[in-house]
Amino acid sequence: MEKIIEENKQGTSLVLEQKEENVKKLFIESYGCQMNFSDSEIVASILVNQGYNTTQNLEEADLVLVNTCSIRDKAEQTIRKRLEKYNAVKKINPNMKVGVLGCMAERLKDKFLEEEKIVDMVVGPDAYKDIPNLLKDVEDGRDAINVILSKEETYGDIAPVRLNSNGVTAFVSITRGCDNMCTFCVVPFTRGRERSREPQSILEEIQDLWSRGFKEVTLLGQNVDSYLWYGGGLKKDFVKATEMQKATAVDFAQLLDMCATQFPKMRFRFSTSNPQDMHVEVIEVMAKHHNICNYIHLPVQSGSTRILKEMNRQHTREEYMTLIDNIKRIIPDISLSQDMITGFPTETEEDHQDTLSLMEYVKYDFGFMFAYSERPGTMAARKMEDDIPEEVKKRRLTEIVDLQQVHALEKTKRFIGQTVEVLVEKDSKRSKEHWSGRNSQNTVVVFPKGNYKPGDFVDVKITDCTAATLIGEAVKYSEIMKS
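In this text the structure is predicted, and so the values were computed from the model without any measurement.

**Topic: the overall build of the chain**
Helix and strand counts for the chain stand at 15 helices and 22 strands. Here the C-alpha atoms of the chain give a radius of gyration of 23 Å, agreeing with the 23 Å that 2.2 N^0.38 yields for 483 residues. The burial tally for the chain puts 58% of its 483 residues in the buried class. Nonlocal contacts in the chain, meaning residues at least 24 apart in sequence, comprise 72% of its contacts between residues at least 6 apart. Carbon together with sulfur atoms contributes 51% to the accessible area of the chain, which is approximately 20100 Å² in total.

Listed below in structure tokens is the structure:
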């Protein structure tokens, strides 16, 4: 589960600026991780040039697309219910076409088109440029399917339309696919092998965002730390690269340094990291630049070395703890978050206690915690019995969540009395009189608006907190605002 699933964003239908000459209507909604939401922006960018304007009214749509996730069974069940809704509308509007995009499309390709006949088009994560051709196939009465996984496609040549954007923060995709064959995860099968995007195209996209007023970029990938550009191709083929390619290759630490150096008034984050690829060079680059946020999402999945081996994670409990020690030594005010799976096959009570003790050792600021659910097609589903009773999974998950809540409050309380730099993003959910933004450690901060506006970096004195939010008073514009 190397991806953050933001529950409040699930099923968001996306809207972009309307073009007068476009007469067709596109309804597109996304489920799953940040990568899916980023991919939906790429799809919208392709279709805006095919005569489509977006709509949030399902009933008036000519084309309905759902960008899907296969990480958890819950996500797949939600999408199936949405497809039922689309087809109910289709009976009223028979000209409407329905397409499934993304990971679930790749996994259930034939089932959707042939067995259940519930969609007109199935498009895998590497085939979005083929959508105009697939739409023509649909119009001509042919099955429209392309789930071929690419060794090259990174969409580096497409400038994504920013959908439902706050105009302040944006995601920029730097890698696609994953080479880590974790036994619980479908990503390598649905998104293919790992490849990186050409650095210059990344910098050009960030330059475009900067020129349009964006102030923060999250570099995005299934596994950003293993970013490696050597002229194109799969990461696993780097061993065959020429001496010149190896000498001029760009790794993640170098890319991060390039971004922070070239855009000193922009703030940078990245997600997601994998423990075995988080090298000390990356941490040192973070420490070197004020505009790289002091926050790392570092999935561990379990605190038990035995379970980590069953999961085919490429790190032990001890190696992970050593990595945490190094991070905290180099960046003392770092904020860390985790992904945790409880109830993985064969997990004993001792394994579960190992997870709780690891959490006590690290004291994460945030967490994304799930009970194990078997995903068809994964090695765990093929080779392991899902042998932990549901009530045991639920009890263990509750214990993990409760402990995380204790640590989260402890970690936010440390900011009381401090002055932190906040990037203003939007109105606070609770009060139109307050701004909401995040500090470097990714904690939400709310404060009275004053004369500040979205996109401003503001020093805020923290006076109170909850487990998830810091409350304070603005002091002044922060140093990053000064020329």
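More follows now that the structure is in view.
**Some words on the pairing of strand β8 (residues 169–173)**
Of all five residues in β8, four are buried, a share of seventy percent or more. Note that β8 and strand β11 (residues 216–220) share five bridges and pair parallel. Each residue of the ladder has a partner; that of Val172, found in β11, is Leu219.

**Some points on helix α9 (residues 252–262)**
For α9, every residue scored as buried is listed here: Phe252, Ala253, Leu255, Leu256, Asp257, Cys259 and Ala260. For α9, the elements touching its buried residues are α7 (199–211), β11, β13 (250–251), β14 (267–271) and α10 (280–288). A distance of 3.3 Å separates the backbone nitrogen of Ala253 from a side-chain oxygen at the start of α9, and that oxygen is part of Asp251.

**Focus: the environment of Thr183**
Position of Thr183 among the secondary structure elements: in the loop between β9 (175–176) and α6 (187–191). Since its relative accessible area comes to 7%, Thr183 is described here as buried. Separated by 130 residues in sequence, Thr183 and Arg313 have C-alpha atoms that sit 8.3 Å apart. Residues within four places of Thr183 in sequence aside, it is in contact with Glu310, Met311, Asn312, Phe344, Thr378, Met379, Ala380 and Met384. Of the polar contacts made by the side chain of Thr183, one reaches the backbone oxygen of Glu310; its length is 3.0 Å.

**What to know about the pairing of strand β20 (residues 444–448)**
In this sheet, β20 lies alongside strand β19 (residues 434–438) in antiparallel orientation, the contact comprising five bridges. Across the sheet, residue His434 finds its bridge partner in β20, namely Pro448. As consecutive antiparallel partners, β19 and β20 are separated by five residues, and within that stretch Asn442 has a phi angle of approximately 75°, a positive value. Relative to strand β22 (residues 469–477), β20 runs parallel, the two sharing three bridges. Paired with Val446 across the two strands is Ile471, which belongs to β22.

**Quick word on the packing of helix α12 (residues 317–330) against helix α13 (residues 349–362)**
Taken N-terminus to C-terminus, the directions of α12 and α13 make an angle of 10°; their axes are 11 Å apart at the nearest point. When the axes of α12 and α13 are compared, the pair comes out roughly parallel. Here α12 contributes Arg317, Tyr320, Met321, Ile324, Asp325 and Lys328 to the contact with α13, which in turn contributes Asp354, Ser357, Leu358, Tyr361 and Val362. Classifying every residue of the contact of α12 with α13 gives six nonpolar, one polar and four charged.

**A closer look at the side chain of Asp39**
Counting through the fold element by element, Asp39 comes out in helix α1 (residues 34–48). Those residues in contact with Asp39, other than ones at most four positions away along the chain, are Asn67, Tyr128, Arg176 and Arg191.

**Comments concerning the nonpolar core**
The biggest cluster of nonpolar side chains holds 50 residues, and the ones touching the most others in it are Ile206, Leu219, Phe252 and Phe270. Among the elements that make up this core, the one with the highest residue count is α9 (six residues). Setting aside residues no more than four positions away along its own chain, Phe252 makes contact with Ile174, Leu219, Val224, Asp225, Tyr227, Phe270 and Val282. In this structure, Val89, Val100, Val119 and Val122 belong to the second largest nonpolar core, which totals 21 residues.

**Some words on the sheet that holds β8**
Strand order in the open sheet formed by three strands is β8-β11-β14, with parallel pairing between adjacent strands. Here the strands that pair on one side only, and so sit at the sheet edges, are β8 and β14. Direction aside, the axes of adjacent strands within the sheet are offset by 25° on average. α7 contacts β8, β11 and β14 of the sheet and is inclined by roughly 165° relative to β8.

**Structural notes on the sheet that holds β22**
A barrel is described by the order of its strands in space; here five strands give the closed sequence β18-β19-β20-β22-β21, paired in mixed fashion. The average angle at which neighbouring strand axes cross in this sheet is 55°, direction not considered. Of the strand pairs in this sheet, strand β21 (residues 457–465) and β22 are connected by seven bridges, and their pairing is antiparallel. Among the inter-strand pairings, Cys465 is bridged to a residue of β22, identified as Leu470.

Parameters and conventions
- Residues numbered from 1 in each chain as written.
- Predicted model: local features only at pLDDT ≥ 70, side-chain atom pairs only at ≥ 80, totals over all residues.
- Heavy atoms only, no water.
- Helix = DSSP H or I, 4+ residues; strand = E, 2+ residues; numbered from the N terminus.
- Rg over C-alpha atoms; globule rule 2.2 N^0.38 Å.
- Buried < 20%, exposed > 50% of the residue type's maximum accessible area, 1.4 Å probe, protein only.
- Contact = heavy atoms within 4.5 Å.
- Areas by Shrake-Rupley, 256 points an atom, 1.4 Å probe, with all protein chains shown as cover.
- Pairing = 2+ DSSP bridges.
- Polar contact = N/O pair within 3.5 Å; in protein donor to acceptor, adjacent residues only side chain to side chain.
- Axes fitted to C-alpha atoms, helices over the stretch in contact; angles between N-to-C directions.
- Parallel < 35°, antiparallel > 145°, perpendicular 65-115°, else oblique.
- Nonpolar A, V, L, I, M, F, W, Y, C, P; charged D, E, K, R; others polar.
- Core = buried A, V, L, I, M, F, W, Y, C linked by side-chain atoms within 4.5 Å.

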